[in-house]
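Examining the three-dimensional arrangement
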Amino acid sequence: MGRYVIRRLLQMIPVFIGSTFLIFFMVYALGDPVAALFGDKAPDPATAARIRRDLYLDRPLWQQYLHYMGQIFQGDFGTAFNGQPVTELMASAFPVTLRLTVVAIFFEIVIGITLGVVSGLRRGRSVDTTVLVLTLVVISVPTFVTGYLLQYLFGVKWGWVRPTVSPDAPFNQLILPGIVLALVSLAYVTRLSRTSIAENVKADYVRTAVAKGLPRRRVVTRHLLRNSLIPVVTFIGTDIGALMGGAIVTERIFNIHGVGYQLYQGILRNNSPTVVGFVTILVIVFLVANLLVDLLYAVLDPRIRYA
Amino acid sequence: MPEPEHPAYDPLQPGQGEAIAPTGQGGPMDLALDEAESLEKTLGDQPSGPREKARSLWSDAWRQLRRNPVFIISSLMILFLVVIAIWPQLIASGDPLQCDLSKSQQGSAPGHPFGYDTQGCDVYTRTVYGARASITVGVCATLGAALLGSVLGGLAGFFGGWGDALLSRVADIFFGIPVVLGGLVFLSVVTSTTVWPVVGFIVLLGWPQIARIGRGSVITAKQNDYVQAARALGAGNGRMLLRHVAPNAVAPVIVVATIALGTYIALEATLSFLGVGLRPPTVSWGIDISNAASQIRNAPHMLLWPAGALSLTVLAFIMLGDAVRDALDPKLR
Amino acid sequence: MLLEVRDLHVEFRTRDGVAKAVNGVNYSVDEGETLAVLGESGSGKSVTAQAVMGILDVPPGRIAGGEILFKGRDLLTMKEEERRKVRGADMAMIFQDALSSLNPVLSVGAQLGEMYEVHRGMSRKDAKAKAVELMDRVKIPAARQRVGDYPHQFSGGMRQRIMIAMALALEPSLIIADEPTTALDVTVQAQVMDLLAELRRELNMGLILITHDLGVVADVADKIAVMYAGRIVEAAPVHEIYAAPAHPYTRGLLDSIPRLDQKGQELYAIKGLPPNLLAIPPGCAFNPRCPMARALCRTEVPPLAQVGPDRASACFFWKECLGG
């Protein structure tokens, strides 16, 4: 197990370098970070040249990247457009998005798995068909459409919730945005658990469990669920990173000042340190989430553990 | 979507109750059968072997598709969308860019059933014309990603070795970048108003998924006995890959690509909504929804029509993908 | 009588129609008795067993008629909860493929102990101790150390021993073994079969052995029922069948066993394929493959008729068959 963890950690390194370099390349090589500093004004050539030198922008790209990463690992993420250090923005934004993601994952697990298990066990019945049609619809309607619709209905028309979230973003205000963020993934979790349950129901070991005279409840919870949920757990784990990245749309709709909001601002204002800094952290979150999923997988499935 | 009735028992499907399967396996009594089967496998090096297998998979799938209402409905919807995307004039006589500010946000009027948007443009005409951008992006991005992904994934799976390892790591790198985020970063530096940067970006982030599927199915197909037999009989790599492996590995790629088409259309709309996808004067549902969103309290019709059209389009492709998957993947029947 | 199956009918609904898997099967097993049920895949032997155990997939399966009397009570009219308590405790089943039949994510100890937890209300700790005992009993070496291992960590033979241990856990009166040795290496087959036979004798259980391997049957079984297309075509004490089969299908089966004294001769094979259960031929289901078939066989279904004191055959021409 220990060796497995180390091997996975080592595999993460090239992926981390590759992903961050790719983003770095897009921002620094395709955009013009210096011009962005001056906004609409034309930069004074001498000043621009000095800034380039200070930021290592006159060096080859790989040197710039190394310089940037070196600074990041010393805790220096650079300065945002409003003069604040990027780390300060992160300190305020990440907890908000983390709360939003927690709410979303919660709904994914509770509603998604429940619906999936129920419809998987009643495959072909009306409950199953209804759930299938619903998930199809949910997957088809893009998040930004459902977001505005639900905001309009619950926030404006019926006034059940605040249409926008206050800056400190407490959990109770994040319920609706959390559901909106979770919705598409929730539908996938439902379908995945349904398929998995429906396949495993026919498995020989389930037949054995029935032949042992176990009560149906025990057959389902102890034998069927544990095996069926392995792929679902994997999906939810990899989804954590995707949710944090995908929160941009939701945060924009509900005016939540989280990671997506800051990133969006950073991109609009062409502020490279903000963009690359946030993306780097997101990539790390994504990789760590994937690692945890792999480890969890090994815990859930002994065949992997001893392989 | 599988048929809503009870899953019918399929006597050819193993695992559901081998006892009544009409063809047996193992045991001295099934000697004749075993022999016939192994004969078929050893004959696999002849092109008729795997090709026939592939052909029967396709004709089986086609027979099942034709009876599936989900497939019929979704393909009619898609046919309609494609026709509209090519000839929007067929059902919309107006010009989507000809707007009258005095009619800003007005409701439906004779000849203008969906009303007007903030600029005073006819929402119906714009909704009809919006199909073109979505369909173009969806189809082109899917073709690109599927081609790139299946070629790279297929080669990596077939030859293995360091190329395979490299491809897997490169795919991991692309998986490490959240899609919407990557789109924001990448497309915000592009200034073109055509659909091609969006298509290019989707291909760039979409191919690893297809490569992964293609690689997996090539590895599975490669392990089939008749492929091994063909190798043993000295078939060359190119012939093996094209004649024996590819026809049997292509089904999962088609399934994933069809479903991806729907999600790519949704992705294009999301990027356009965020202001980095398509740009005016291209008529796009994403842009229209974005513009309408801030006015949802005053004029919800501006949001509902393009949003409905977008959702139905995505739905049609996802339904098609579902139907194709059910037909091509006997395991899921 | 421990178990009596009377006129059992089982159907499966399929895409292309109704498959009649079992068409009026009768058989019985007494305490301490071993019945071998013989037949090709698709003959309905496993489906009958699944119906007896109550583990048929419904739908698509459906019991269309008949009775299954276990210790005098009809299992088919019993309440499900009552039936569940019989299952595993008083009637247990051993499956063919132990690797797929054992739960891959639970330790074998947990899977064995579960029997005691559920049916006897034991604590997890006591159940685990019982699991070790069981593993000792089926001669798994180092049982105490291996009780926490997972199925994939055992060899095929050891896994099948665990299946046997699980079936024997609560000392049931009836065991159904569905091709218990088919998935094993030839060298291990005999060991596992001997173990099963030995434990059966010790506990004086009834055993239904489902197989297509005539070699196994001769050593273990007391009587044989041969099935074809969902019917019993011949039933007889084991030595009588080997001496002289009373049905051409049984004869075909016996003739297709390789024999040392006929070295060099071509192996006999019953010609043709087992019937399609969606369209069982009219008359005797075996008639298209039967070397003795006449006009009568193509129109009339031969009943399973008494042909000796403990013997029955479903062939109009059983006398001819016995004679020649």
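Only a predicted model underlies this, so the values are computations on that prediction, with no experimental measurement involved. (Residues numbered from 1 in each chain as written. Chains lettered and ligands numbered in written order. Predicted model: local features only at pLDDT ≥ 70, side-chain atom pairs only at ≥ 80, totals over all residues.)

Quick notes on the overall build of chain A
The criterion, for reference: The helix count covers DSSP runs of H or I at least four residues long, the strand count covers runs of E at least two residues long, and both are numbered beginning at the N terminus. Exposure is read from a count of other C-beta atoms within 10 Å of each residue's own; the residue is exposed at 12 or fewer, buried at 20 or more and partly exposed in between. C-beta atoms are placed from the backbone. What counts as a contact here is a pair of residues whose C-beta atoms, placed from the backbone, lie within 7 Å.
From N to C terminus, chain A includes 13 helices and zero strands. Mapped in sequence order, the helices and strands of chain A form the string α-α-α-α-α-α-α-α-α-α-α-α-α. The dimensions of chain A, computed from C-alpha atoms along their principal axes, are 85 × 55 × 30 Å. Here chain A holds 307 residues, and the buried ones make up 42% of them. Across chain A, contacts joining residues at least 24 apart in sequence account for 74% of those joining residues at least 6 apart.

Some details on the interface of chain C and chain A
Filter applied, for reference: Residue polarity follows a fixed list, in which Ala, Val, Leu, Ile, Met, Phe, Trp, Tyr, Cys and Pro are nonpolar, Asp, Glu, Lys and Arg are charged, and the others, Gly among them, are polar.
Counting residues at the interface gives 24 residues for chain C, matched by 19 residues for chain A. Counting only elements with at least two residues in the side of chain C that touches chain A, the list comes to helix 2 (80–86), helix 3 (98–101) and helix 4 (108–120) of chain C. Top element by residues in the side of chain C that touches chain A is helix 4 of chain C. It accounts for four residues. For the side of chain C that touches chain A, the per-class residue count stands at twelve nonpolar, seven polar and five charged.

Focus on the sheet that holds strand 3 (residues 34–38) of chain C
Residues and elements named next belong to chain C. Worth spelling out the cut-off: For two strands to pair, DSSP has to find at least two bridges joining them. Here, axes are lines fitted to C-alpha atoms. For helices the fit covers the stretch in contact, and angles between N-to-C directions go from 0 to 180 degrees.
On the basis of which strands lie adjacent, the open sheet formed by eight strands has the order 6-7-8-3-9-10-12-11 and mixed pairing. Taken across any chain shown, the strands that pair with only one partner, and hence form the sheet edges, are strand 6 (91–94) and strand 11 (305–308). Within this sheet the neighbouring strands show an average axis-to-axis angle of 25°, counted without direction. In this structure, strand 3 lies alongside strand 8 (residues 206–211), joined through five bridges in parallel fashion. When the sheet's bridge partners are listed, L35 is paired in strand 8 with I208.

Brief notes about the UniProt feature "domain: ABC transmembrane type-1" (unreviewed entry) in chain A
Convention followed: UniProt positions are given in the numbering used here, feature names are shortened, and annotations may be inferred rather than shown by experiment.
UniProt records the feature "domain: ABC transmembrane type-1" (unreviewed entry) for residues 94–297 of chain A in the present numbering. Taken as a whole, residues 94–297 of chain A contains 82% helix and 0% strand, while its terminal C-alpha atoms sit 27 Å from one another.

Some details on the domain arrangement of chain C
Think of interface size as the accessible area that goes away when the parts come together; that is how it is often given. Residue and element names in this part refer to chain C. Formally: An automatic or database domain assignment is the source of the domain bounds shown.
Per the domain assignment, the segments of chain C are domain 1 (3–221) and domain 2 (231–323). Inter-centroid distance (C-alpha atoms) of domain 1 to domain 2 is 28 Å. Between domain 1 and domain 2, the residue contacts involve 19 residues of the former and twelve residues of the latter. Broken down by secondary-structure element, the contributors of at least two residues to the side of domain 1 that touches domain 2 are strand 2 (17–29) and helix 9 (214–220). Here the element with the most residues in the side of domain 1 that touches domain 2 is strand 2; it accounts for nine residues. The class makeup of the residues in the side of domain 1 that touches domain 2 is nine nonpolar, seven polar and three charged.

Re the pairing of strand 6 of chain C
Side-chain positions along a regular strand alternate between the two faces of the sheet. Residues and elements named next belong to chain C. Alternating positions in strand 6 separate into two faces, M91 and M93 on one and A92 and I94 on the other, with burial throughout. Sheet analysis places strand 6 next to strand 7 (residues 174–178), joined by four bridges and oriented parallel. Among the inter-strand pairings, M91 is bridged to a residue of strand 7, identified as L174.

A few points about the UniProt feature "domain: ABC transporter" (unreviewed entry) in chain C
As recorded in UniProt, the feature "domain: ABC transporter" (unreviewed entry) lies at residues 5–254 of chain C. Along residues 5–254 of chain C, the helical share is 41% and the strand share 27%, with 26 Å between the first and last C-alpha atoms.

Considerations on the UniProt feature "transmembrane region" (unreviewed entry) in chain A
Residue and element names in this part refer to chain A. Those places that UniProt annotates as "transmembrane region" (unreviewed entry) correspond, in this numbering, to residues 12–31, 96–118, 130–154, 174–192, 224–249 and 275–300. Between the C-alpha atoms that bound residues 130–154 there is a distance of 24 Å. The span itself is 92% helix and 0% strand. Secondary structure content for residues 275–300 is 100% helix and 0% strand, and the end C-alpha separation is 37 Å.

Details of the sheet that holds strand 5 (residues 73–74) of chain C
All names here are of chain C. Ordered by their spatial adjacency, four strands build an open sheet running 2-1-4-5, and the pairing between neighbours is antiparallel. Edge strands, defined here as strands with exactly one partner in the open sheet, are strand 2 and strand 5. Bridge analysis of strand 4 (residues 61–70) against strand 5 gives two bridges, and the strand direction is antiparallel. Bridging across to strand 5, L69 finds its partner in D74.

Remarks on the packing of helix 7 (residues 156–168) of chain C against helix 8 (residues 186–203) of chain C
Residues and elements named next belong to chain C. Convention followed: Every angle not falling under 35 degrees, over 145, or within 65 to 115 is termed oblique; those three ranges are roughly parallel, roughly antiparallel and roughly perpendicular. Working rule for handedness: look at the near helix, and if it is turned counterclockwise from the far one by less than a right angle, call the crossing left-handed; if clockwise, right-handed.
It is at 10 Å that the axes of helix 7 and helix 8 come closest, and there the two elements cross at 15°. As summarised for this structure, helix 7 and helix 8 are arranged roughly parallel, according to the angle between their axes. Helix-helix and strand crossings are classified by hand; for helix 7 and helix 8 the assignment is right-handed. Of the residues in helix 8, those touching helix 7 at G156, G157, Q160, R161, I164 and L168 are V188, Q191, V192, L195, L196 and L199. Partitioned by chemical class, the residues of the contact of helix 7 with helix 8 number seven nonpolar, four polar and one charged.

Description of the nonpolar core
Rules: Nonpolar cores are identified as sets of buried Ala, Val, Leu, Ile, Met, Phe, Trp, Tyr and Cys residues joined via C-beta atoms within 7 Å.
One finds L184, V185 and I202 of chain B together with A165 and I224 of chain C to be the most contacted residues of the largest nonpolar core, which totals 269 residues. Top contributing element to this core by residue count: helix 9 (residues 237–273) of chain B, with 20 residues. Residues from two domains meet in this core; each of domain 1 (3–221) and domain 2 (231–323) of chain C gives at least three.

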